[in-house]
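# Survey of secondary and tertiary structure
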Amino acid sequence: MSNLKGKHIILGISGGIAAYKSVMLLRLLVKKGAEVQVVITPNGKEFITPVTLSSLSGKPVVSEFFTANTGEWHSHVDLGIWADLMIVAPATASTIGKMANGIADNMLITTYLSAKEQVMVAPAMDLDMWRHPSTQRNIETLRRDGVIIVEPEAGELASGLIGKGRMEEPEKIAEAAERYFSRQEELHGKKVLVTAGPTFENIDPVRFIGNYSSGKMGFAIAEEFAERGADVVLIAGPVNVPLRAEGIRRIDVTSAREMRDACVSHFNDMDYVVLAAAVADYAPAEVSDVKIKREGTDGMTLHLVKNPDIAATLGALKKNQKLIGFALETDHELENALHKLKKKNLDWIVLNSLRDPDAGFMKDTNKVTVVGASGEVIDFPAKQKSEVAKDIIDVVVNGETE
Ligand code: CTP
């Protein structure tokens, strides 16, 4: 039985020749037991009639903000709450551009902007439009916003040209939807703790010692775990990153000691613990209650004391939890990473080298090597941090790569 049974799906149709394939997709989704609400753009109606779509879905098709003769308002907000998944197929270059930039001039885009559910996009356009840097930029933006892209196929296009741009076949789009829902079940019931971001160690009420960690890698890991159905507690140092996934319990902390206390108090129940935070190694021995004045001094010396090592603390408490650390190294990378893995009693350590231009702080990309306690060394190419998060989780959950 398909896992689409009983699922609420919004099918967004924009104006492209491939709209005829959306009829097949709609039939397929309904056959697999999904409840489908079609939202069509004004241009979409030039390619396929609402009557066909409403008779197949068993629901009136939504296109305008109001029904003209009754004044009934179609609430895109309610649709966003109702749906478990939104599929935009075909997504034209224009619809993709509007989605990427929040240009809410039709019901499909307002529905997208109100979507609380996962959104999936199946682009369809001519090869030059697909290749255009503007389209590619918009696709990248959507990816970064968490949208799943069902890549177009190469083949004969409506223009007669041959190349990439043809919307993926309805069966493949339905399979992508099924894959999304089964992924959601993958880690159902598992408990995960993730640390992210820097820690700030106060000197006085206005100054601190910190570092450049953006928190992006840890947030991406927390989001990916949540998307696979795990219960996630995210312990975040001071960062400015929005959380994209629902269902993550976020605890904000400032200093290493606060982070340690939060980690220790949640550690017992956990199945996986990922320590992606860049914890400050030292903190001022004393924190001044008042702002330290410059006047009358030639300089100052700060006396620093060692912060607790959170990874090592948890490593010592470990029972069945899988403990995953990070190592950011500039030299002797593998050797240093292995040393940290052993010393802190980790199961896996994710190594990134500052020598690599695609890796490190403040970046959206990362290039990692995942090293296991049993001697595994798995290299990955440079990728977006959201993709790196998938690779790391695949390894630590399954002990293997896709
Ligand atoms: N870590 C931690 N608590 C600390 C320092 C580090 O939990 N006080 C964790 C990090 O979150 C990371 C791993 O330990 O998962 C390695 O961090 P790193 O800064 O590379 O290691 P250090 O032990 O601080 O070693 P060094 O700074 O000497 O390279």
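Worth saying up front: this structure is predicted, and the values here are computed from it rather than measured.

## Thoughts on the overall build of the protein
Helix and strand counts for the protein come out as 14 helices and 21 strands. Based on the C-alpha atoms only, the size of the protein along its principal axes is roughly 75 × 50 × 40 Å. Considering the protein as a whole, with its 402 residues, one finds that 50% of them fall into the buried category. As displayed, the protein offers around 19,500 Å² of accessible surface, 51% of which is attributable to carbon and sulfur atoms.

## Notes on the packing of helix α10 (residues 216–227) against helix α14 (residues 385–398)
Running from amino to carboxyl end, α10 crosses α14 at an angle of 60°, the nearest separation of the two axes being 8 Å. Taken together, the axis directions place α10 and α14 in an arrangement best described as oblique. Judged by the twist between their axes, the crossing of α10 over α14 is right-handed. In this structure, α10 uses Lys-216, Met-217, Ala-220, Ile-221, Glu-224 and Phe-225 to contact α14, whose residues at the interface are Lys-385, Ser-386, Val-388, Ala-389, Lys-390, Ile-392, Ile-393 and Val-397. Taken together, the residues that form the contact of α10 with α14 break down as nine nonpolar, one polar and four charged.

## Comments concerning the environment of His-266
You can see His-266 is positioned in helix α11 (residues 256–267). Given a relative accessible area of 17%, His-266 falls into the buried group. Along the backbone, His-266 and Gly-16 are 250 residues apart, and their C-alpha atoms lie at a distance of 51 Å. Here His-266 is in contact with Leu-193, Val-233, Arg-249 and Ile-251, once residues within four sequence places are set aside. For His-266, the side chain forms a polar contact with the main-chain oxygen of Ala-262, separated by 2.9 Å. There is a polar contact of 3.4 Å between the side chain of His-266 and the side chain of Ser-265.

## Observations concerning the site of the ligand
Lining the immediate environment of the ligand, one finds 14 residues, of which Leu-275, Ala-277, Ala-311, Lys-340 and Lys-344 sit closest. Within the backbone of Leu-275, an N or O atom sits 2.7 Å from an oxygen atom of the ligand. Here Lys-344 contributes a side-chain N or O atom positioned 2.6 Å from an oxygen atom of the ligand. Notes on the ligand: free accessible area 570 Å², of which the protein chains cover 76%.

## Comments concerning the pairing of strand β6 (residues 153–156)
One face of the sheet, then the other: side chains in a regular strand alternate in exactly this way. Where β6 and strand β7 (residues 162–166) come together, four bridges link them in antiparallel fashion. In the strand pairing of β7, Gly-155 is matched with Gly-163. Hairpin connection from β6 to β7: five residues lie between these consecutive antiparallel strands, with Gly-160 at a positive phi of about 95°.

## Considerations on unusual backbone geometry
With omega at 0°, the peptide bond leading from Ala-89 into Pro-90 counts as cis. Assignment of secondary structure puts Pro-90 in strand β3 (residues 85–91). For Asn-345, which is not glycine, the phi torsion reads 60° and is therefore positive. Examined against the element boundaries, Asn-345 turns out to sit in the loop between α13 (333–343) and β17 (348–353).

Calculation rules
- Residues numbered from 1 in each chain as written.
- Predicted model: local features only at pLDDT ≥ 70, side-chain atom pairs only at ≥ 80, totals over all residues.
- Heavy atoms only, no water.
- Helix = DSSP H or I, 4+ residues; strand = E, 2+ residues; numbered from the N terminus.
- Buried < 20%, exposed > 50% of the residue type's maximum accessible area, 1.4 Å probe, protein only.
- Areas by Shrake-Rupley, 256 points an atom, 1.4 Å probe, with all protein chains shown as cover.
- Axes fitted to C-alpha atoms, helices over the stretch in contact; angles between N-to-C directions.
- Parallel < 35°, antiparallel > 145°, perpendicular 65-115°, else oblique.
- Left-handed = near helix turned anticlockwise from the far one by under 90°.
- Contact = heavy atoms within 4.5 Å.
- Nonpolar A, V, L, I, M, F, W, Y, C, P; charged D, E, K, R; others polar.
- Polar contact = N/O pair within 3.5 Å; in protein donor to acceptor, adjacent residues only side chain to side chain.
- Near = heavy atom within 4 Å.
- Pairing = 2+ DSSP bridges.

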